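Understanding the architecture of this molecule
Chain by chain, the residues:
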Amino acid sequence: MASIYANPTTSVNTSLSSLSRNIFLHSVFKFMSSIRKRCHCPYTNTTVRCTNVRRPRPNYRPGRFSDPNYVGIYDTTLRDGEQAPGATMTIKEKLDIARQLAKLGVDVIEAGFPAASDADFELVKLVAQEVGNNVDEQGYVPVICGFARSTKKDIDRTWEALKYAKKPMISTFIATSDIHMKYKLKMSKEEVVEKARSMVAYAKTLCEDVRFSIEDAARSDREFLYYIVGEGIKAGATAICLADTVGCSLPTEFGQLVADIKANTPGIQDVIISVHCHNDLGLATANTLAGACAGARLVDVTVNGIGERAGNGSLEEIVMALKYRGEEVLGGLYSGINTKHISATSKMVEEYSGLKLQPHKAIVGANAFSHESGIHQDGVLKNRETYEFVSPEDVGFQRVTGHGISLGKLSGRHALKSKMLELGYELEGKELDDIFRRFKSVAEKKKKIAEEDLRALVSDEGFQSQVA
């Protein structure tokens, strides 16, 4: 069986694989050690680096971005994201999200699975016609992608919906792990290779941009992957997607997978490597970044990280990691996302999907820029850099208060004084001490302290507003 996928370059590339492993591990070490360094604060102008400046978007042609440091964002909220239980959205809602994704500046919108239903077909067609032809003043228009199994029927249906877009892409997939081939596909390795080869070639006759997606790549035999990916490239694929379908990988493992594919697959230099990570171990963001560090230049994401089971790689987490750490840690990697639209996009997806965000969700959660500990509150009141690394303004987050102070039983005098000043009460000395003592007593009994509670404390003590 080994003869059907024996890689003629394997022996000569052994040292290359070893070298790529060392390079990757060095990058991981550099990444982990750099976390301890003092980080840039986007609120001040005291450093050279400015995260608010967007670099020009490089040119894209099927198979390549003109800048090798650019990481394209492939958004699959409308397809894989909607597969989250209970996340079904209407065509109008999904079209609204597609427009918002274009406003964000994602490189590829995977609009749906046209062969799955008439509704999906109509959606992909609408997105292709409307969003896929809306070229902005800089010449940007997103690639519109449709998802298809490796069957002629699926590919035909997908192309029929996509053909209206200025930049269409067909993404056809097949599984390559032993467990999937044996129990789901019930196909031999030879049959899987032939199906993949022939369907990629067929898709190529319809569309210039064809992505060949390897389902369950993370659990697949490595030599078999080299062979089938190479055959997909020969058949005309312009992008190769490696999926951690069940979210089983650790970052070092997944990064090594990308590095090994890059080092051992003939023709891989002529295509874009893409990664698609699931969050079953809570590592989708970390695995995606490890894949990018190892050479992937198109990363699959969903807004709010929604998707099958535990979800997918989170757009907002991955994009902001690239924005804040890409230059100094990840070798200059960056994306073209306009991050100021992240918060609005997150809220739209939350509302339309019905999937509520946990308060502590990174970047877009209600508590992401909120401080309750007295030590933290004191720090951010003096300088927000002390306890805020990501700028809320950078993601378009609007806070009710300027410092994100959330009063509770852990809050200190400084935070209470600042909040009371916002309400019009200037307290000092004994007045502040008395109010603080009574505030702590109330805070021990209530989880959330509202403004009316604070006003009541002042009223009970007989204080009057001292600020005009």
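What you see is a predicted model, and the numbers here were worked out from it, not measured in a lab. (Residues numbered from 1 in each chain as written. Predicted model: local features only at pLDDT ≥ 70, side-chain atom pairs only at ≥ 80, totals over all residues. Heavy atoms only, no water.)

1. Some points on the pattern of salt bridges
What the rule picks out here adds up to 28 salt bridges. Note that Lys152 and Asp156 form a salt bridge whose closest N and O atoms lie 3.2 Å from each other. Of the two residues, Lys152 and Asp156 are both situated in helix α4 (residues 152–162); the distance of four residues between them amounts to about one turn of the helix. Among the residues examined, Lys152 registers a relative accessible area of 44% and is labelled partly exposed. When the shortest N-O distance is used, the salt bridge between Arg197 and Glu194 registers 2.5 Å. Separated by three residues within a single helix, Arg197 and Glu194 lie in helix α6 (residues 189–206), roughly one turn from each other. (Salt bridge = Lys/Arg side-chain N within 4 Å of Asp/Glu carboxyl O. Helix = DSSP H or I, 4+ residues; strand = E, 2+ residues; numbered from the N terminus. Buried < 20%, exposed > 50% of the residue type's maximum accessible area, 1.4 Å probe, protein only.)

2. A word on helix α8 (residues 251–264)
For α8, spanning 14 residues, the distance from its first C-alpha to its last is 20 Å, which sits close to the expected 20 Å at 1.5 Å a residue. Counting buried residues along α8, 10 of its 14 residues qualify, which places the element largely inside the surrounding structure. For α8, every residue scored as buried is listed here: Phe254, Gly255, Gln256, Leu257, Val258, Ala259, Asp260, Ile261, Ala263 and Asn264. (Expected span 1.5 Å × (residues − 1).)

3. Section: the packing of aromatic side chains
One pass over the full model with this rule turns up five aromatic pairs. Geometrically, the ring pair formed by Phe113 and Phe147 is edge-to-face, given 5.5 Å between the ring centres and 85 degrees between the ring planes. Separated by 34 residues along the polypeptide, Phe113 in the loop between β4 (108–112) and α3 (118–130) and Phe147 in strand β5 (residues 143–149) bring together distant segments of the chain. You'll find Phe113 and Phe147 in the same group, each marked buried. Put simply, the rings of Tyr60, Phe65, Tyr70 and Tyr334 pair up and form one aromatic cluster. When the ring centre of Phe224 is taken as origin, the NZ or CZ atom of Lys189, which lies over that ring, is 5.3 Å away. Lying over the aromatic face of Tyr74, Arg211 brings its terminal NZ or CZ to 3.7 Å of the ring centre. (Phe/Tyr/Trp six-rings, centres within 6.5 Å; stacked < 30°, edge-to-face > 60°. Lys NZ or Arg CZ within 6 Å of the ring centre and 35° of its normal.)

4. Considerations on unusual backbone geometry
Phi at Asp216 is positive, roughly 60 degrees, even though this residue is not glycine. Its place among the elements puts Asp216 in the loop between β7 (210–215) and α7 (222–234). For Asp216, a relative accessible area of 0% gives the class buried. Positioned with a positive phi, Asn304 is a non-glycine residue whose angle comes to about 65 degrees. Here Asn304 is to be found in the loop between β10 (298–301) and α10 (315–325). Relative accessible area serves as the criterion here: at 7%, Asn304 is assigned to the buried category.

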